[in-house]
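Structure assessment
Here are the chains, one letter per residue:
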Amino acid sequence: MAHERSSGPWLSPSGYEEDIRAVLAPRLAYFEAVARHEHVTRAAHELGVPQSTLSRAMVRLEADLGVALFARRGRTVSLTPAGRTFLGSAERALAEVEKAADSVRADADPTAGRVSFGFLHTMGSETVPALIRAFRVDHPRVRFQLVQNYGEAMIERLRAGGLDLCLTSPVPDAPDLVARRLDEQRLRLVVPDDHRLASRRRIRLAEAADETFVTLEPGYGLRRITDDLCAEAGFTPRVAFEGEEAETLRGLVAAGLGVALLPPPAVARPGVVELTVTAPRAAREIGVAWLDGHPDTPPVAAFKRFLLSRRGHLLPD
């Protein structure tokens, strides 16, 4: 049986989707209340709106849909078959809205909210766990969504709203971001333990100009720093292998496949020797970045203050 159409203009299926949402969304809660009470006055009392306003809203909803949702007997109403079909979808939509509202309120809770935090792979084994452990001494219920990635990917995710903060290197310089330098990490030239330079403790990077290098892939901050330091030392590194993770590069060095400029490991690895680079000064700056003008929830603001308080003491000794 075809649904009865109400008189007046209505939204055609070819109408713009955003127009349909704009028309229907504000009226779903009104419709659900009237359908549940089967009485306009009682529904209006529950919603805290004038009965006349609610009646006009239901008439307009039916006109926009082009379908009669209610059979009316004074102020008492009952759902038509079309109304029962629409009610099921309206209840599911309202439940999803309520679920979303509960979720964002929970994430913004000052004591038990959520922080989306991105960081470099090289920060994951020691630095970030130590930071979170120290932060949770005073904020034990704050939850973290942790994302490990390389710098450019984290900045893209930050801009897309997928991260609140990210710990990265080099410290970004962009007009839409706020970035603060937190610490500095010295880099070492890592060589196999049977390498001709393995007996040394210090080295000028120019002395490795003829070596084969293993590096991170282009796009990684550490790769950019490696290329810049080698250029400053007067050579372009001859790259044999490119990877995505610093400890994998250490394994390649231990296997005799090249040398690498890397930050210190969390745990000493056998098969390699790590040399202090005296010239040029081999170090990378570590900083925290966030989107400029983006409002912070209380847990994000608290964690940001905590990170900024660790300037000069971010990295483990």
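These remarks concern the structure in this document. Since this is a predicted model, take the numbers as computed values, not measurements.

Turning our eyes to something else, we now look at the side chain of S169. Take S169: it is sitting in the loop between strand 5 (165–168) and strand 6 (177–186). From its side chain, S169 meets the backbone oxygen of E285 in a polar contact 2.6 Å long. Beyond its immediate stretch of four places on either side in the chain, S169 contacts L120, G221, I225, R284, E285 and I286.

Right, let's get into the sheet that holds strand 13 (residues 283–291). Here 5 strands make up an open sheet; going across it, the order is 4-3-5-13-6 and the pairing mixed. Both outer strands of the open sheet, strand 4 (143–148) and strand 6, are each paired with one neighbouring strand and no more. In this sheet, adjacent strand axes meet at a mean angle of 20° when their direction is disregarded. Across 3 bridges, the pairing between strand 5 and strand 13 is antiparallel. For T168, the partnering residue across the bridge sits in strand 13 and is G287.

Next up on the list: the nonpolar core. Core analysis: the largest hydrophobic core is formed by 36 residues, its most contacted members being F117, M123, F144, L165, L167, F303 and L307. Excluding anything up to four places from it in sequence, L307 contacts F117, L131, L165, L182 and V288. Counting residues in hydrophobic clusters, the runner-up holds 29 residues, among them L187, I225, F235 and V253.

This next bit is on empty space enclosed by the protein. Applying the stated criterion across every chain yields a total of 3 cavities of 30 Å³ or more. Within this model, the largest cavity holds a volume of roughly 110 Å³. Lining the largest cavity are 15 residues; nearest its centre among them are L120, H121, T122, L216 and Y220. Its boundaries defined by the atoms lining it, the second largest cavity holds a volume of some 80 Å³. What lines the second largest cavity is simply L158, G161, L163, D164, W290, L291, H294, P295, D296, V300 and K304. Mapped by element, the contributors of at least two residues to the lining of the second largest cavity are strand 13 and helix 10 (298–309). The class makeup of the residues in the lining of the second largest cavity is 6 nonpolar, 2 polar and 3 charged.

About the criteria used
- Residues numbered from 1 in each chain as written.
- Predicted model: local features only at pLDDT ≥ 70, side-chain atom pairs only at ≥ 80, totals over all residues.
- Heavy atoms only, no water.
- Helix = DSSP H or I, 4+ residues; strand = E, 2+ residues; numbered from the N terminus.
- Polar contact = N/O pair within 3.5 Å; in protein donor to acceptor, adjacent residues only side chain to side chain.
- Contact = heavy atoms within 4.5 Å.
- Pairing = 2+ DSSP bridges.
- Axes fitted to C-alpha atoms, helices over the stretch in contact; angles between N-to-C directions.
- Core = buried A, V, L, I, M, F, W, Y, C linked by side-chain atoms within 4.5 Å.
- Buried < 20%, exposed > 50% of the residue type's maximum accessible area, 1.4 Å probe, protein only.
- 1 Å grid on protein atoms, 1.4 Å probe; cavity = no way out; pocket = protein on both sides within 12 Å on 5 of 7 lines; lining within 4 Å.
- Points joined across faces, edges and corners; volume = space filled by probe spheres on them.
- Nonpolar A, V, L, I, M, F, W, Y, C, P; charged D, E, K, R; others polar.

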